[in-house]
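Secondary and tertiary structure notes
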Amino acid sequence: MTADYRPPLRRGDLDTLPGPALVGIVDGVLDPETRMEPGEARRAATRGIRLFGAASFGAMLAADPSIPGVVTGVGRVAGLLRHGRAEPDDVVLQYAAHDLRPLTVPVVDVICWMAKACAAGVLATGAANRALHGLRAVPVEDRTPGLVASLLHDHLGSASPWSRGATVCGAKTGDARLLLRALRVLRRRGTLQAQLCSGHQSGLIEVDRAGGAADPYSQGRRD
């Protein structure tokens, strides 16, 4: 999509944008010294800027209770955060500085895989919750693919995706592409310029069309 692509959002970035405009937010700086404050999003909205958030920092903004309705959430990650079924640390993903190669596995990817596995009846709710608790106890910087694969195998055995030669879905990257599609549709309906604050996009995942996210463990086997 043709747009004004920008680096991850930092404090002051939205204050420099004139309205009206469509702004999609994926990534953002999390350092407390440069992290954007929610009030900046509120000020942008008053200038006619329509804000949409997905996947990472954008999803966090959409779920921020201090600015309800200011940022429209797109995708599963935003829904999970909004309904308290994911935590901000579940979204964090560390990249290699030189090539943006992912170094860790975000917990939301595991949560979304668990949701599908529970709904399909191949994973019990209790086992999923225990594995999720164990994964959240691991520091963010230590959630490497190898460690996550080992932890899920220890908790889930043959039900672990890695035990069957698969991996967990890329929920964050899928939501980022979904945001691009949503902005493309909105721009076709009007004349607003689209801008995207992002550092990485790939994959595809279903949008939460009902405005929320289904409980990851509301279906499937129970212990």
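Preceding this paragraph is the structure being described.
Residues numbered from 1 in each chain as written. Predicted model: local features only at pLDDT ≥ 70, side-chain atom pairs only at ≥ 80, totals over all residues. Heavy atoms only, no water.

Describing the side chain of Lys 172
Tracing the backbone shows Lys 172 in helix α8 (residues 171–188). It is Asp 27 that comes nearest to the buried, bridge-free Lys 172 among opposite-charge side chains, at 5.4 Å. There is a polar contact of 2.6 Å between the side chain of Lys 172 and the backbone oxygen of Val 91. Beyond its immediate sequence surroundings of up to four residues, Lys 172 is in contact with Ala 55, Ser 56, Val 77, Val 91, Val 92, Leu 93, Pro 106, Val 108 and Asp 109. (Helix = DSSP H or I, 4+ residues; strand = E, 2+ residues; numbered from the N terminus. Buried < 20%, exposed > 50% of the residue type's maximum accessible area, 1.4 Å probe, protein only. Lys, Arg positive; Asp, Glu negative; His and termini not counted. Salt bridge = Lys/Arg side-chain N within 4 Å of Asp/Glu carboxyl O. Polar contact = N/O pair within 3.5 Å; in protein donor to acceptor, adjacent residues only side chain to side chain. Contact = heavy atoms within 4.5 Å.)

Brief notes about helix α5 (residues 107–119)
When the terminal C-alpha atoms of α5 are compared, their 18 Å separation across 13 residues agrees well with the 18 Å that a helix rising 1.5 Å per residue should span. Counting buried residues in α5 gives eleven out of 13 residues, a clear majority hidden from the surface. Restricting attention to buried positions, one finds in α5 the residues Val 107, Val 108, Asp 109, Val 110, Ile 111, Cys 112, Trp 113, Met 114, Ala 115, Ala 117 and Cys 118. On the buried face of α5, the contacting elements are α3 (76–82), α4 (88–91), α6 (125–136), α7 (145–156) and α8. With its phi angle positive at about 80 degrees, Gly 121 sits one or two positions after the end of α5. (Expected span 1.5 Å × (residues − 1).)

Description of the nonpolar core
With 49 residues, the main nonpolar core has Leu 14, Leu 51, Met 114 and Leu 123 as its most contacted residues. At the level of elements, β2 (21–25), α1 (38–46), β3 (49–54), α2 (57–62), α3, α5, α6 and α7 are the ones that each hand at least two residues to this core. Per element, the largest residue contribution to this core is nine residues, and it comes from α5. Counting residues in hydrophobic clusters, the runner-up holds eleven residues, among them Leu 22, Phe 52, Ala 176 and Leu 183. (Core = buried A, V, L, I, M, F, W, Y, C linked by side-chain atoms within 4.5 Å.)

Topic: the pairing of β3
Burial analysis of β3 places five of its six residues in the buried class, which makes it a mostly covered element. Here β2 pairs with β3 via five bridges, running parallel. Bridge pairing links Leu 22 to Arg 50 in β3. The parallel pair β2 and β3 is bridged by α1, and the resulting crossover is right-handed. Strand direction decides the pairing type here: β3 and strand β4 (residues 71–74), joined by four bridges, are parallel. For Phe 52, the partnering residue across the bridge sits in β4 and is Thr 72. Between β3 and its parallel partner β4, the chain crosses via α2, and the hand of that crossover is right-handed. (Pairing = 2+ DSSP bridges. Right-handed = clockwise from strand over helix to strand, strands pointing away.)

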